[in-house]
Amino acid sequence: MSDIIQILKDRGIFESVTSDELQKLAQRESLTVYAGFDPTSESLQAGNFVTIMVLAHFQRCGHRVIALVGGATGMIGDPSGKSKERNLLIEEQVMINLEGIKENLSRFLDFEREENAALLMNNNDWMKQFTYVDFLRDVGKYFRMGTMLGKDSVKSRLEGESGMSYTEFSYQLLQAYDFLRLYDEEGCSVQFGGSDQWGNITAGIDLVHKQRGKEVFGLTFPLVCDSSGKKFGKSEGNAIYLSSAKTSYFDFYQFFIRTQDEDVERFLKIFTFIPLDEISEIMKESEAAPEKRIAQTRLADEVTCIVHGERGLEIAQKASLVLYGGSIDDIDAATLLEIFSSVSSCDLSVDAVKGANIVDLVAVSGLCKSKGEARRLVQNGGLYLNNNRVTDLDLVVKDSDIIDGKLVVLRSGKRNYFLVEIG
RNA sequence: GGUAGGGUACCGAAGUGGUUAAACGGGGCAGACUGUAAAUCUGCUGGCUCAGCCUACCUUGGUUCAAAUCCAAGCCCUACCA
């Protein structure tokens, strides 16, 4: 079998293992491995990307992978890497989120195949059966206070301002129990996650060892940051989601297009399956003419295609062309609607648009929160009506500004488009 | 339960009776530059019927011509001690 650990190392998605034995073992036999996802939203985010890719690599190497959705733990909130207590999720929402997450994962993992099909599980299925007393007796008993308090995730929070609730403190027990459960039921012997998961993973390993006397393994990968040190997966403060309902094809594609030079090689290795020698060729070509951003384009193409398919990619590319090409004067409403299909928009009546003051329209449409904000935007020269800069606060929307009687394209700044549909 | 320190705009944080819509920093939004980069520079950052008005400094009352600032009660947070 291919050396999965070596692959991960070569691609820069390896940080540490609990035992070097794992590398040899993984070449000898097919293992069952798992990683957890928080069902905080109905769609996974770019921040989950690395975990997904590692799962996919494992499956491609012939291992059996389990994606564990934290239906129960998500209701508690993992304190790792967080400075503040998290909001709790309600069960119904978790169930809805679960469906979306499976859809996302199916782009990367094969849940159908005969051999080593991927599995999606929800830890709430076993957690909900526990009574508090049972849990304390069967699981809590095996945990030592010293160890628990020593975990980074706990220590840093106790030292910080906000403290930590008992609920969050208990989180590591729940995750540890997941591992034990998957070990018992599925023969799962490897758990991996981001480096901030180290404490939770080792807690599980300890629990399996204490209760079953068997050695299981943990593996972590580095948390991916961009070159400015920010956590990967946010664009202007908004998370990039994998589902097109939450992040449009265009925005998704653009997120990768805007990757910085220093990051792009690393990202190609982490977020695509392109062979390493091909990546170095791409990089050579790209560095010869950085302004063409060949590597960025390839990255965006690959990732968008995996997540959204050929069609999604095509729409994103088409939109990019139009939006960065310039004028939209010659394009009819139907084409525009397709290109902007996922840009935020609003529906207004003809009367509300025709003859309306531009400032009022911008505020009513929702592009700006208030008229004051709209006014400021115009004063700063940042508002565009059908791609023409608006300079006059008293500008009135004319009949001719409405494309095919159906559409007005507003834009704030360079790339922030907003559609007013007339209905 | 005891003691101490707090709650100010998106966040952090000044301000402790009077031009205070509230210094400063961060963030955010725009503009210039540019490779849809980074850095830098500039403007804006409560609402409105916008040279004016309205609503605001945890809540509720009170003192005062005047309160984010003083008083009282309440709610919440943090730390230390029990």
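Counting starts from 1 at the beginning of each chain's written sequence and moves along it residue by residue. As a convention, the first chain written is A and the first ligand written is 1, with the rest following in written order. Residues qualify for local features only when their pLDDT is at least 70, as the model is predicted, and side-chain atom pairs are given and counted only at 80 or more; totals for whole chains, interfaces and linings, by contrast, use all residues. To get the side-chain values, all heavy atoms of the structure are used, and hydrogens and water are removed first.

(A) Region of interest: the protein's contact with RNA strand B. Working definition: residue near molecule or strand if any one of its non-hydrogen atoms lies within 4 Å of it. The environment of RNA strand B is formed by 27 residues, the closest being Q254, D261, K371, R375 and R376. When the atoms of RNA strand B within 4 Å of the protein are grouped by moiety, sugar and phosphate amount to 63% of the total. Nitrogen and oxygen atoms within 3.5 Å of one another constitute a polar contact, given that in protein one can donate a hydrogen and the other can accept it, and given that sequence-neighbouring residues count only through two side-chain atoms. The separation between a phosphate oxygen of RNA strand B and a polar main-chain atom of G372 is 2.7 Å. Asp, Glu, Lys and Arg are counted as charged, while Ala, Val, Leu, Ile, Met, Phe, Trp, Tyr, Cys and Pro are counted as nonpolar; the rest, among them Gly, fall into the polar class. Residue composition of the surface near RNA strand B, grouped by class: 4 nonpolar, 12 polar and 11 charged.

(B) Structural detail: the sheet that holds strand β10 (residues 383-385). When DSSP locates at least two bridges between a pair of strands, those strands are taken to pair. Strands here are runs of E lasting at least two residues and helices are runs of H or I lasting at least four, both read from the DSSP assignment and numbered beginning at the N terminus. With respect to topology, 5 strands assemble into an open sheet ordered β9-β13-β12-β10-β11, the strand pairing being mixed. Both outer strands of the open sheet, β9 (345-348) and β11 (388-389), are each paired with one neighbouring strand and no more.

(C) Representation of the domain arrangement of chain A. Each domain's extent was defined by an automatic or database domain assignment. You can read the domains of chain A as domain 1 (4-221), domain 2 (234-322) and domain 3 (343-422). Distance between the C-alpha centres of domain 2 and domain 3: 30 Å.

(D) Here's a closer look at the sheet that holds strand β1 (residues 16-17). Taken in spatial order, the 6 strands line up as β1-β6-β5-β2-β3-β4 in an open sheet, and their pairing is mixed. A single partner strand is all that each edge strand has here, and the edge strands are β1 and β4 (119-122). In this sheet, β4 lies alongside strand β3 (residues 64-69) in parallel orientation, the contact comprising 4 bridges. In the strand pairing of β4, L68 is matched with M121. Any two residues whose heavy atoms approach within 4.5 Å at even a single point are treated as in contact. Fitted lines through C-alpha atoms give the axes, limited to the stretch in contact for helices. The angle between two N-to-C directions lies from 0 to 180 degrees. Along the sheet face, helix α3 (residues 49-60) touches β2 (32-37), β3, β5 (190-194) and β6 (217-221) and points at about 165 degrees away from the line of β2.

(E) Up close: helix α2 (residues 21-28). Those residues of α2 that sit buried are L22, Q23, L25 and A26. Buried-residue contacts for α2 involve α1 (4-10), β1, β5 and β6. For each residue, the accessible area found with a 1.4 Å probe, counting protein chains only, is set against the maximum for its type, and the residue is called buried under 20%, exposed over 50%, and partly exposed in between.

(F) A look at the packing of helix α13 (residues 261-271) against helix α14 (residues 276-288). At a minimum axis distance of 10 Å, the contact between α13 and α14 shows a crossing angle of 155 degrees. By the angle between their axes, α13 is roughly antiparallel relative to α14. For the pair α13 and α14, the crossing hand works out as right-handed. Listed contacts from α14 to V264, E265, L268 and K269 of α13 are L276, I279, I282 and M283. A breakdown of the residues in the contact of α13 with α14 according to their chemical character gives 6 nonpolar, no polar and 2 charged. In this scheme, roughly parallel covers angles under 35 degrees and roughly antiparallel covers those over 145, while 65 to 115 is roughly perpendicular and the rest are oblique. Left-handed describes a crossing whose near helix is turned anticlockwise from the far helix by less than a right angle; the clockwise case is right-handed.

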